[in-house]
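Fold and contact review
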Amino acid sequence: MLSGALRCVRPTIHTIALSRQLAHFRPQMEAGGNRPVETAIRTKLTQAFQPEHMEVLNESHMHAVPPGSESHFRVLVVSTQFEGQSLLQRHRMVNEALREELSTCVHALAIQAKTPQQWGSNPSLAKSPPCLGGSKHDSTVAEKLKAGRD
């Protein structure tokens, strides 16, 4: 398996307007759809929860990060393993499964962890609000992006 640093590598893009809002921009992925962080998230969640349904959305394009970044994600996991668990316990389970990604290159993770019964009664994925640009001033984002390029 690739090391955490290698999975965080993104093409270096030089632009004067990196600080502009990118909410309207959908990044073009590298040829072949190379998305190592998203792939790692999918693999780890599948291994940990054997989900009946799962969605992994890269929402980085909605935030103040360079195009092609893999730093902001929304996940929906539907698993019988969540039965009898509180919402907090479910989130802790997902966070534990993705511990390496959260400690290296993933800055934000929105989690929906549902039982099959909950999914059956409400099969929807919540939408994220627009970015207010707060991550532009968060030094941990810059550090994680820099670490991914080293």
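Everything below is about the structure shown above.
Residues numbered from 1 in each chain as written. Predicted model: local features only at pLDDT ≥ 70, side-chain atom pairs only at ≥ 80, totals over all residues. Heavy atoms only, no water.

What about the overall build of the protein chain?
- A count of helical and extended segments in the protein chain gives six helices and three strands.
- Traced from its N-terminal end to its C-terminal end, the protein chain shows the element sequence α-α-β-β-α-α-β-α-α.
- Within the protein chain, the fraction of its 150 residues that count as buried is 38%.
- Nonlocal contacts in the protein chain, meaning residues at least 24 apart in sequence, comprise 73% of its contacts between residues at least 6 apart.
- Carbon and sulfur atoms make up 55% of the accessible area of the protein chain, which amounts to about 8500 Å² in all. (Helix = DSSP H or I, 4+ residues; strand = E, 2+ residues; numbered from the N terminus. Buried < 20%, exposed > 50% of the residue type's maximum accessible area, 1.4 Å probe, protein only. Contact = heavy atoms within 4.5 Å. Areas by Shrake-Rupley, 256 points an atom, 1.4 Å probe, with all protein chains shown as cover.)

A few points about the pattern of salt bridges
- Inspection of the entire model under this criterion finds six salt bridges.
- A salt bridge links Arg74 to Glu59, with the shortest nitrogen-to-oxygen separation between them at 3.4 Å. Here Arg74 is found in strand β2 (residues 72–78), whereas its partner Glu59 is found in the loop between β1 (53–58) and β2, with 15 residues between them in sequence.
- With a relative accessible area of 10%, Glu59 lands in the buried category.
- The network of salt bridges with shared partners includes Arg35, Glu38 and Arg42. (Salt bridge = Lys/Arg side-chain N within 4 Å of Asp/Glu carboxyl O.)

Here we look at the packing of helix α2 (residues 36–49) against helix α3 (residues 87–97)
- Where α2 meets α3, the axes come as close as 9 Å, and the angle between the chain directions of the two elements is 125 degrees. Viewed along their axes, α2 and α3 adopt a mutual orientation that is oblique. When the axes of α2 and α3 are compared, the crossing they make is right-handed. For the pair formed by α2 and α3, the contact residues are Lys44, Leu45, Ala48 and Phe49 on the first element and Met93, Val94 and Ala97 on the second.
- In the contact of α2 with α3, the residues fall into six nonpolar, no polar and one charged. (Axes fitted to C-alpha atoms, helices over the stretch in contact; angles between N-to-C directions. Parallel < 35°, antiparallel > 145°, perpendicular 65-115°, else oblique. Left-handed = near helix turned anticlockwise from the far one by under 90°. Nonpolar A, V, L, I, M, F, W, Y, C, P; charged D, E, K, R; others polar.)

Focus: the nonpolar core
- Core analysis: the biggest nonpolar cluster contains 17 residues, and Ile41, Leu45, Val56, Phe73, Val75, Val94 and Leu109 have the highest contact counts within it.
- Taken together, the elements giving at least two residues each to this core come down to α2, β1, β2 and β3 (108–114).
- Apart from residues no more than four positions distant in its own chain, Val94 is found in contact with Leu45, Phe49, Val75, Phe82, Leu109 and Ile111. (Core = buried A, V, L, I, M, F, W, Y, C linked by side-chain atoms within 4.5 Å.)

Describing the sheet that holds β2
- Read from one edge of the open sheet, three strands run β1-β2-β3, paired in mixed fashion. Of all the strands in the sheet, the pair left with one neighbour each is β1 and β3. Put simply, the sheet's adjacent strands are angled 10 degrees from each other on average, direction ignored.
- Pairing geometry for β2 and β3, over seven bridges, is parallel. Looking at β3, one finds that Val77 is bridged to Ala113.
- Sheet contacts for α2: β1 and β2; angle to β1, the most-contacted strand, approximately 160 degrees. (Pairing = 2+ DSSP bridges.)

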